[in-house]
Amino acid sequence: MQLVRRWLWLAAALGGLVPSPATAEPTLVAAEHHPWGCFRPGAWRVTRMTTETLGENGEVASTNATEIRTTLQSVGERELTLQVEVTVEAAGRRIDGDPQIVRQGFHGESPGSTPAVTASEGEVLLEGQRIACHVLELAFDLPGARTVTKIHYAPETPPYVLRRESVITDNDDGAKLSETTMTVHATEMPFRVGAEIKPASLSRLVQTHGKGTTTTWSFSSVEIPGGVIHHTSKDRNAEGRTVRRNVLELVDFGYEPEPESRPGGLLRRLRNSLWERPVNRF
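Quick look at the structure, then.

Rules behind the numbers
- Residues numbered from 1 in each chain as written.
- Predicted model: local features only at pLDDT ≥ 70, side-chain atom pairs only at ≥ 80, totals over all residues.
- Heavy atoms only, no water.
- Salt bridge = Lys/Arg side-chain N within 4 Å of Asp/Glu carboxyl O.
- Helix = DSSP H or I, 4+ residues; strand = E, 2+ residues; numbered from the N terminus.
- Buried < 20%, exposed > 50% of the residue type's maximum accessible area, 1.4 Å probe, protein only.
- Pairing = 2+ DSSP bridges.
- Phe/Tyr/Trp six-rings, centres within 6.5 Å; stacked < 30°, edge-to-face > 60°.
- Lys NZ or Arg CZ within 6 Å of the ring centre and 35° of its normal.
- Contact = heavy atoms within 4.5 Å.
- Polar contact = N/O pair within 3.5 Å; in protein donor to acceptor, adjacent residues only side chain to side chain.

All right, on to the pattern of salt bridges then. Taken as a whole and judged by the stated rule, the model has 14 salt bridges. One salt bridge in this structure joins E89 and R48, with 2.9 Å as the shortest N-O distance. Placement of the pair is E89 in strand β3 (residues 79-90) and R48 in strand β1 (residues 44-54), with a sequence separation of 41 residues. By relative accessible area, E89 is classed as partly exposed at 29%. With a closest N to O distance of 3.2 Å, E123 and R130 form a salt bridge. A cluster of three or more residues bridged by salt bridges with shared partners is formed by R48, E67 and E89.

For the rest of this paragraph, the subject is the pairing of strand β14 (residues 242-254). Note that β1 and β14 share 10 bridges and pair antiparallel. Bridge pairing in β14 links T47 to L250. Two successive antiparallel strands, strand β13 (residues 228-237) and β14, enclose a turn made up of four residues, where G240 displays a positive phi of approximately 90°.

Two strands pair when backbone bridges link them, and strand β2 (residues 60-75) and β3 are joined in this way by 11 bridges, in the antiparallel orientation. The residue bridging A65 from the neighbouring strand is E89, located in β3. Taking the residues between adjacent antiparallel strands as the criterion, β2 and β3 are bridged by three residues. Pairing of β3 with strand β5 (residues 100-105), which is carried by six bridges, proceeds in the antiparallel orientation. Bridged to V84 within β5 is Q100. Here four bridges tie β3 to strand β4 (residues 93-96), and the two strands are oriented antiparallel to one another. Within β4, the position partnered with E89 by the bridge is R94. The hairpin turn running from β3 into β4, its antiparallel successor, is two residues long, and A91 in that turn takes a positive phi close to 55°.

This part is about the packing of aromatic side chains. With the rule as written, the count across this model stands at three aromatic pairs. Where F39 meets Y255, the ring centres are 5.6 Å apart and the plane angle is 15°; that geometry is what we call stacked. Of this pair, F39 sits in the loop between α1 (2-15) and β1 while Y255 sits in the loop between β14 and α2 (272-276); the two residues are 216 residues apart in sequence, bridging distant segments of the chain. The buried category is assigned to F39, whose relative accessible area is 4%. A relative accessible area of 5% places Y255 in the buried class. With centroids separated by 4.9 Å and ring planes inclined at 45°, the aromatic side chains of F191 and F219 adopt a geometry described as tilted. With F191 in strand β10 (residues 176-193) and F219 in strand β12 (residues 212-220), this pair connects stretches of sequence that are 28 residues apart. One aromatic cluster in this structure is built from F39, F253 and Y255. Stacked on the ring of W44, the Lys or Arg R69 has its end atom at 4.5 Å from the ring centre.

P159 follows P158 through a cis peptide bond whose omega is 10°. Of note, E127 is a non-glycine position whose phi angle comes to about 50°, a positive value. Within the secondary structure layout, E127 lies in the loop between β6 (116-126) and β7 (129-142).

To continue, consider the side chain of T187. Looking at where T187 falls in the secondary structure, it is placed in strand β10. Judged by its relative accessible area of 15%, T187 is buried. Residue contacts for T187: discarding those within four places in its chain leaves L126, E127, P158, P159, A200 and S201.

Relative to the helices and strands, E165 is located in strand β9 (residues 161-170). E165 gets classed as partly exposed once you look at its relative accessible area, which sits at 26%. Placed 15 residues apart in sequence, E165 and T180 show a C-alpha to C-alpha distance of 5.7 Å. Not counting residues up to four positions away in its chain, the partners in contact with E165 are V148, T149, K150, H152, T180 and T181. In this structure the side chain of E165 is engaged in a polar contact, spanning 2.7 Å, whose partner is the side chain of R163.

Dropping the structure here:
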């Protein structure tokens, strides 16, 4: 379950969350701008993450592969529900986890909670151009902690959220538990997805926490359920030594539910026929 939570957190952080331009109240978030909420229930994706754990001298001590199948179950006004299935390959063994049902708010808040929001105007520098942004600062409580997130939103520039900063503090003593900054560095970058070239954004995410720092470079597209197409990341410990490396790749995806009797289970091979035929998002 810890792996599922980390993957969902990363996808949300990279995909961004955007308020509806048609809504005057900044507390409301539009489902159509969420990397999952913009699709119909039944949309799905399969990603494969390869993880290398490094020894003290930088050698690869172990390698494992994880495939994650995520299916959109439902989309509400302020939250959505996902089903997540995880299969791990390690030391020649395959371990299938039980499906997990995960509910999450569009801001990353717990279902049913409403963040406090303040709004202002600002800008970001993107590929040499200054992009005007709406700046939203959201504060909400998690179990035992408080999160404050600042979102720079440009409604005319996909992926819409061009910068995102989050700080999580302990409710008891106010100590900073983690700090995360996501910055979009380029947009409309060509990236091959199956038989097509998709326009993708390139972003960098840095998370600092008690155990060290995680740095992730990611390509994502608003045309793909969940957003992320490919990412590469490394974990450094408190002493600055790289202890883990991850590569995540999109294996398969669809905009409609699959038949119950899908061949090969979760670890099936990519089916070229799916990737080559036209698909409709809406």
